[in-house]
Amino acid sequence: MSGTAISAPTRPTQGESRSQPRHSAFARRRDRRGSAFVSPFLLAFLLFMIVPLGYAIYESLFTSRLIGGTVFSGFSNYSQILGSGMFWSGVIRVIIFGAIQIPVMLIIAFFFATAFDLGVARFGRFFRTIFFIPFAVPVVVSALMWGFLFEPSYGPFVHLASALGFHNTNFLSSSLMLPSIIVIAIWEWTGYNSLILYTALKSVPRDIVEAAILDDTPLWKIILKVKLPMVRPAIVMLIFLNTIGALQLFVEPLILNNYSAGVISLNWTPVLYIYNTSINDAQYNLGAAMAVVLGLVIVAISVTSLLFRRRKGEFK
Amino acid sequence: MLSKTRRITAGVAGAAAISLLAACSSSGSSSTAASGTSTGASASASASATVLAGGKSCSSSSTPVMFWAWVPGISRAVTEFNKTHPSICVTLEDPGAGGAEYTLLNNAMKAGSGAPDVAEMEFDELPSFIIQKYVENLVPYGANNYKSDFAPWAWSQVSQGGAVYAMPSDFGPMAFYYDQQTLAKYKITPPATWAQVATDAASLHKQNSGAYLLNLSPNDLQWLMDVMGQAGAWPFQYSGGSNVTINWTGPAQEKFAAYWQNLINSRAVSTVNDAGTEVNTNLDKGVTAAAIDSAWAPSYFVADVKQSMGQWRAAPLPQWTSGADVGADWGGSTYPVFTQSKHPAQAAEFSEWLTSTDASWNIVKTPPSSLFPTYLPTLNSGSFTSLTYPISGTSQPNQVFSAAAKNIPATPWPPFMTQALTQADTTFGGVLSGKETMQQAFAAFQTAEVNYAKAQGFDVST
């Protein structure tokens with residue numbers, strides 16, 4: 001139907017029909033086979049998501065110190081985090097990061113998706129592949145590569161900026177670091193997002209578009225007023241996914257720290273703070289509590305986008 | 001359409017699938033722990049390190065000893081030990097340098113299994129392992145028999161309250177390491193006092209605004225503290241237990257911070273992060289004329305030397321009081337035995353052999369290991385002090401470095417150096433870019449360290 005990732009089965013199932021009782025042998029066999037297909041996923045889900053989550057919550061209720069060992073401390077880790085300016089300043093930073101990066105990236109992705117959908121680009125499939133390649137590059141490699149490009153002393157972008165009249169630009173200074181990471185994130189994710197939007201655009205029913213063309217609607221109106229609303233479910237899903245990703249920003253600042261000392265503090269993003277607290281400070285319990293709090297923040301922010309979708313009447 | 005239960009199930013399955021998809025698509029989670037901070041406190045070592053010696057070539061009747069170390073070429077010493085001690089077979093693995101190995105060790109000791117019998121450990125990291133009772137007291141294994149063979153400073157570093165927790169191996173007495181052609185070009189002779197350093201640095205920068213006498217990278221906490229030690233401004237007091245003194249804002253520390261901040265303000269020194277290679281290329285090209293460097297630094301520096309080969313000389317460290325002879329040390333390693341070890345006697349025997357026999361030192365003092373010994377018979381031997389190296393031409397730098405080893409003041413490390421090293425990278429990073437002064441950084445670091453120590457349960461005095 002629409003371009004969402006999950007679509008519900010439409011065929012009426014055995015249990016709906018009134019002619020056969022719900023617990024027939026045939027229905028039981030169907031249910032068993034159904035569970036057999038789903039159980040590997042559920043097992044993996046349990047082992048790799050539920051159990052670690054439970055363990056993290058358990059660990060977060062303890063405190064471990066060099067003097068005194070590990071003791072049960074209830075919610076004291078949580079009250080420490082809620083009052084921790086260092087943690088929340090990181091959260092604010094990634095919210096700002098997401099608030100700028102996601103809309104800009106989605107606009108660019110929609111532009112490319114539309115261009116491909118309209119067929120105005122020659123060798124469309126080739127370019128779609130090229131645009132998708134940054135998504136296939138491991139994040140660490142992207143960050144290293146961009147680090148070299150932005151490098152303050154010898155990076156090519158610095159020379160380019162100089163040639164354009166902006167001398168002594170330091171793309172990794174404390175004022176330009178976040179914009180630079182936004183640029184990197186847009187480069188990394190636009191291809192993936194535009195592919196999803198392209199697929200969504202391709203599923204827009206032809207007759208609606210043809211009716212608009214017959215009405216002499218200008219092209220920009222067709223794109224913005226006809227096609228865009230029809231791919232709204234895909235866009236909302238992308239906002240949801242990208243928000244979760246943006247709030248977990250970690251690899252790019254970790255790598256770029258090596259090119260520019262003193263700019264990325266150890267609490268620059270929440271995940272970076274969790275990493276430093278757990279690994280370098282050996283405070284795994286506090287790190288676990290931070291991870292739980294961050295998880296709740298991410299759930300709160302991303303579910304908000306889904307509620308937005310519901311209010312517009314997407315779910316019946 | 002669908003029954004309510006089926007819709008709910010579909011919704012839950014959809015949410016679960018989306019959350020898995022989100023986990024894949026989020027910008028951070030697709031990579032495992034990447035390379036760490038520049039202070040080396042990273043967790044990038046793999047669990048399956050290559051076996052560099054021993055391993056399968058061990059006979060099944062010999063006692064197995066697992067040994068972790070990153071010194072290049074130390075496998076030669078291990079092979080020699082295995083040859084001359086057939087009842088023990090040491091297997092060597094390289095788990096990564098510094099912080100990478102300490103993370104693995106901490107995890108293994110906490111988990112109760114997986115730790116080696118012996119591992120290389122820098123002096124500043126040992127106290128954190130002592131306080132967690134991860135390392136064995138070696139006195140029952142005869143360690144005190146070797147006490148007089150070691151530089152007193154090194155022996156005090158591995159001792160705590162009558163126990164000896166590791167055998168000291170190499171260290172890095174510091175000296176004024178300079179390119180003699182560059183200094184001669186600017187008509188400067190190696191300065192004997194820090195006051196003279198300030199004058200010479202100003203003079204050099206005046207003659208060439210693109211060159212400096214020295215570079216300052218205060219985010220390198222080990223280096224910073226070592227030089228502070230020479231100035232009588234060592235910022236920690238710790239002798240085991242739960243009492244620790246933290247003092248980054250006392251008069252001696254303020255004087256030290258002010259001295260360097262003046263040099264930064266007048267641009268007499270550069271502030272390049274010494275975690276990268278730029279520092280070494282600056283030295284090679286003459287952008288920086290000299291460095292306050294340790295005895296082992298040249299063996300790391302030589303890889304970046306292209307045009308200044310043969311020109312490097314060592315001179316005694318500048319002094320704060322004219323005529324004094326106070327030294328400093330930068331880094332160095334010890335070889336403790338871990339409490340998880342099933343064969344502590346054999347592990348101790350290996351550790352003692354590696355650090356206190358001529359047989360071992362005749363191997364590890366040569367390249368590629370090039371270790372600088374705390375072991376006095378080698379340190380003071382004529383053949384060692386008269387060694388020449390291609391990077392320093394016909395001069396004998398070990399004469400200076402050996403002499404510098406004699407008078408190093410005590411440097412009691414606090415038992416939380418991994419945290420301090422990471423914190424310093426953040427706190428002192430602003431000094432590199434000029435965003436804050438040394439004094440401000442010192443004050444911020446004092447607050448951060450006091451807070452951390454208190455949170456860890458220590459009784460903190462300032």
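Residues numbered from 1 in each chain as written. Chains lettered and ligands numbered in written order. Predicted model: local features only at pLDDT ≥ 70, side-chain atom pairs only at ≥ 80, totals over all residues.

Colleague: Describe the packing of helix α5 (residues 139-150) of chain A against helix α7 (residues 177-202) of chain A, naming the residues involved and giving the relevant values.
Modeller: All names here are of chain A. At a minimum axis distance of 11 Å, the contact between α5 and α7 shows a crossing angle of 130 degrees. Relative to α7, the element α5 is oriented oblique. Crossing geometry of α5 relative to α7 is assigned as right-handed. Together, Val 139, Ser 142, Ala 143, Trp 146 and Phe 150 of α5 and Ser 180, Ile 184 and Glu 188 of α7 make up the contact between the two elements. (Axes fitted to C-alpha atoms, helices over the stretch in contact; angles between N-to-C directions. Helix = DSSP H or I, 4+ residues; strand = E, 2+ residues; numbered from the N terminus. Parallel < 35°, antiparallel > 145°, perpendicular 65-115°, else oblique. Left-handed = near helix turned anticlockwise from the far one by under 90°. Contact = placed C-beta atoms within 7 Å.)

Colleague: How would you sum up the sheet that holds strand β11 (residues 243-246) of chain B? Please name residues and give values.
Modeller: The sheet built from three strands is open, its strands ordered β10-β11-β16 (chain B) with mixed pairing. Strands with a single pairing partner mark the edges of an open sheet, and in this sheet they are β10 (236-237) and β16 (459-461) of chain B. (Pairing = 2+ DSSP bridges.)

Colleague: Hey, could you go over helix α3 (residues 99-111) of chain B for me, with residue numbers and the actual values?
Modeller: The end-to-end C-alpha separation of α3(B) is 18 Å, in line with the 18 Å expected for 13 residues at 1.5 Å each. Along α3(B), the residues classified as buried are B:Gly99, B:Ala100, B:Glu101, B:Tyr102, B:Thr103, B:Leu104, B:Leu105, B:Asn106 and B:Ala108. The secondary structure elements touched by the buried residues of α3(B) are α12 (270-280) of chain A together with β2 (63-68), β4 (118-119) and α17 (417-427) of chain B. Once α3(B) finishes, B:Gly112 follows within two positions and takes phi at roughly 95 degrees, a positive value. (Expected span 1.5 Å × (residues − 1). Buried ≥ 20, exposed ≤ 12 C-beta atoms within 10 Å, placed from the backbone.)

Colleague: Quick rundown of the packing of helix α3 (residues 85-118) of chain A against helix α10 (residues 232-247) of chain A? Include the residues and the values.
Modeller: All names here are of chain A. It is the contact of α3 with α10, at a shortest axis distance of 9 Å, that shows an interaxial angle of 145 degrees. Between α3 and α10 lies a crossing of right-handed hand. Along its contact with α3, which presents Val 94, Phe 97, Gly 98, Gln 101, Ile 102 and Leu 106, the element α10 presents Ile 235, Leu 238, Ile 239, Asn 242, Thr 243, Ala 246 and Leu 247. Considering only residue class, the contact of α3 with α10 consists of nine nonpolar, four polar and no charged. (Nonpolar A, V, L, I, M, F, W, Y, C, P; charged D, E, K, R; others polar.)

Colleague: Outline the domain arrangement of chain B, listing residues and values.
Modeller: Residues and elements named next belong to chain B. By the assigned domains, chain B splits into domain 1 (51-170 + 332-385) and domain 2 (172-330 + 414-461). Computed over C-alpha atoms, the centres of domain 1 and domain 2 are 29 Å apart. Counting residues at the interface gives 14 residues for domain 1 and 14 residues for domain 2. At the level of secondary structure, the elements contributing two or more residues to the side of domain 1 that touches domain 2 comprise α3 and α4 (126-131). When residues of the side of domain 1 that touches domain 2 are assigned to their parent elements, the largest contribution, four residues, is made by α4. (Domains from an automatic or database assignment.)

Colleague: Give me the lowdown on the pairing of β11(B), citing residues and values where you can.
Modeller: Residues and elements named next belong to chain B. Residue alternation in β11 divides its side chains into a buried set, Val 244 and Ile 246, and an unburied set, Asn 243 and Thr 245. Alignment of β10 against β11, held across two bridges, turns out to be antiparallel. Bridging from a neighbouring strand, Gln 237 pairs with Thr 245 of β11. Strand direction decides the pairing type here: β11 and β16, joined by three bridges, are parallel. Residue Asn 243 lies in a different strand from β16, and its bridge partner there is Asp 459.

Colleague: Go over the nonpolar core with me, naming the residues and quoting the values.
Modeller: Counting residues in each nonpolar core, the largest one holds 131 residues, and the members touching the most others are B:Val90 and B:Ala201. A domain-level breakdown of this core finds at least three residues from each of domain 1 (51-170 + 332-385) and domain 2 (172-330 + 414-461) of chain B. In this structure, A:Met105, A:Ala185, A:Leu197 and A:Tyr284 belong to the second largest nonpolar core, which totals 69 residues. (Core = buried A, V, L, I, M, F, W, Y, C linked by C-beta atoms within 7 Å.)

Colleague: Can you explain the confidence of the model for chain B? Please cite residues and give values.
Modeller: All names here are of chain B. Per-residue confidence for chain B averages 88 on the pLDDT scale, and 89% of its residues sit at or above 70. The element-level mean pLDDT for chain B is lowest in helix α1 (residues 4-25), coming to 48, with β4 highest at 97. Scored below 50 in pLDDT, residues 8-47 makes 80 contacts in the model with residues more than four places away or belonging to other chains. As a predicted assembly, this complex carries a pTM of 0.81 together with an ipTM value of 0.73. (pLDDT = per-residue confidence, 0-100.)

Colleague: Describe in detail unusual backbone geometry, supporting the description with residues and values.
Modeller: Most peptide bonds take the trans configuration, and most residues that are not glycine carry a negative phi. Cis peptide bonds are those with omega within 30 degrees of zero, and the linkage from B:Pro367 to B:Pro368 qualifies with 0 degrees. Residue position: B:Pro368 is located in the loop between α13 (358-364) and α14 (376-379). The backbone of A:Asp216 sits at a positive phi, close to 65 degrees, despite the residue not being glycine. Tracing the backbone shows A:Asp216 in the loop between α8 (206-214) and α9 (219-230). Under the C-beta neighbour-count criterion, A:Asp216 is labelled exposed, with 6 such atoms within 10 Å.

Colleague: If you had to explain the pairing of strand β2 (residues 69-72) of chain A to someone new, which residues and values would you point to?
Modeller: In this sheet, β2(A) lies alongside strand β1 (residues 62-65) of chain A in antiparallel orientation, the contact comprising four bridges. The residue of β2(A) that forms the bridge with A:Phe62 is A:Phe72.

Colleague: Break down the domain arrangement of chain A for me, citing the residues and quoting the values.
Modeller: All names here are of chain A. Taken as a whole, chain A is organised into domain 1 (25-72) and domain 2 (78-311). For domain 1 and domain 2, the distance between their C-alpha centroids amounts to 30 Å. Contacts between the two partners involve seven residues from domain 1 and, on the opposite side, six residues from domain 2. Looking at the side of domain 1 that touches domain 2, the elements with two or more residues in it are α1 (25-59) and β1.

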